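# Commentary on secondary and tertiary structure
Now for the letters of each chain:
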Amino acid sequence: MYASEYQLRQELIRVTRIVTEQGLVCSSDGNISMRLDDNHFLMTPTGLYKMGMATEDPIVVNWEGGVVKGKPGYQPTSEFKMHLEVYRQRPDLNAVLHAHPPYCIALTVANIPFPTMLVPEVLMAIGEVPTAPYARPGTADLVSSVSDLIVDHDSILLSHHGSVNASETLEGALIALERMEHTAKIYYLASSMGELVPLPADEIQALKTMGETRRDKAAI
Ligand SMILES: [Zn+2]
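Just so you know, these numbers come straight off a predicted model, no measurement behind them. (Residues numbered from 1 in each chain as written. Predicted model: local features only at pLDDT ≥ 70, side-chain atom pairs only at ≥ 80, totals over all residues. Heavy atoms only, no water.)

## Focus on the nonpolar core
- Leu 12, Val 15, Val 19, Ile 32, Leu 97, Leu 170 and Leu 177 are the most contacted members of the largest nonpolar core, which totals 21 residues.
- Elements represented by at least two residues in this core include exactly α1 (5-21), β1 (31-37), β5 (95-99) and α7 (170-193).
- Broken down by element, the residue count for this core peaks at five residues, all from α1.
- Aside from chain neighbours lying at most four places away, what touches Val 15 is Ile 32, Leu 170 and Leu 174.
- Listed in part, the 20 residues of the second largest apolar core include Met 43, Ile 59, Ala 135 and Val 146. (Core = buried A, V, L, I, M, F, W, Y, C linked by side-chain atoms within 4.5 Å. Buried < 20%, exposed > 50% of the residue type's maximum accessible area, 1.4 Å probe, protein only. Helix = DSSP H or I, 4+ residues; strand = E, 2+ residues; numbered from the N terminus. Contact = heavy atoms within 4.5 Å.)

## Considering the sheet that holds strand β2 (residues 40-43)
- Read from one edge of the open sheet, eight strands run β4-β3-β2-β1-β5-β8-β7-β6, paired in mixed fashion. Both outer strands of the open sheet, β4 (67-69) and β6 (131-132), are each paired with one neighbouring strand and no more.
- For β1 and β2, the ladder comprises four bridges, and the chain directions are antiparallel. Paired with Met 34 across the strands is Leu 42, a residue of β2. (Pairing = 2+ DSSP bridges.)

## Some remarks on the coordination of the zinc ion
- Donor atoms from the polypeptide that bind the zinc ion are His 98 (NE2), His 100 (NE2) and His 161 (NE2), placed at 2.1 Å.
- Motif for the zinc ion, donor spacing along one chain: H-x1-H-x60-H. (Donors = N, O, S within 2.8 Å, 3.2 Å for Na, K, Ca; no water.)

## A closer look at the packing of aromatic side chains
- Evaluated as defined, the whole model comprises three aromatic pairs.
- On the numbers, 4.7 Å between centres and 25 degrees between planes, the contact of Phe 41 with Tyr 87 is stacked. Remark: Tyr 87 occurs in helix α2 (residues 80-89) and Phe 41 occurs in strand β2; sequence separation between them is 46 residues.
- Here Tyr 103 and Tyr 188 contribute two aromatic rings whose centre-to-centre distance is 5.7 Å and whose plane-to-plane angle is 55 degrees, an arrangement assigned as tilted. Taken as a pair, Tyr 103 in helix α3 (residues 102-109) and Tyr 188 in helix α7 lie far apart in primary sequence, 85 residues in all.
- Taken together, the aromatic side chains of Phe 41, Trp 63 and Tyr 87 make up a single cluster linked through ring pairs. (Phe/Tyr/Trp six-rings, centres within 6.5 Å; stacked < 30°, edge-to-face > 60°.)

This is the structure we're talking about:
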């Protein structure tokens, strides 16, 4: 059963503020959406300053990105096709959070794969985080760069651009995003202090198995 539209609007605004306050998006960057029902999605409109958004600001769009409810002139985010592609590929998930987390983006700019071998919570809670090749924001290329990866991964990095976290709930997407940025920051700090020492190989394998089992159970 779907939560009421008003509850989802409140949740969308709450998470938007947390993401902005934590510096995971800048200004009007990034965008967030939630599945409203089988055919409609609640979505941040394009161009709005995120900290100033109110509960009545998110728009309702259909599968074609058409605005079925919204203040006059409010348009979908330029990334709406990417959001809809995630919902198309993942009927099990209800929220998509696209952000611009600086430490994660810095990893992609430095061409460093997302580090899963430094702290246990990444493999246990998120799993592997692939990096989609660079594609210009708002284009069909960006949609196709995400399309295949999202089938097997809830969290993705977009090279030289940002992150995509999809989850059953918007809070779940937020938690994954926070964990990713925290890990990228640890990578940066540890790299500046000395040589990185990964977790032992057998521990990495055990964590991977634990994480896969946990996520499989959650999907049932
Ligand atoms: Zn973006």
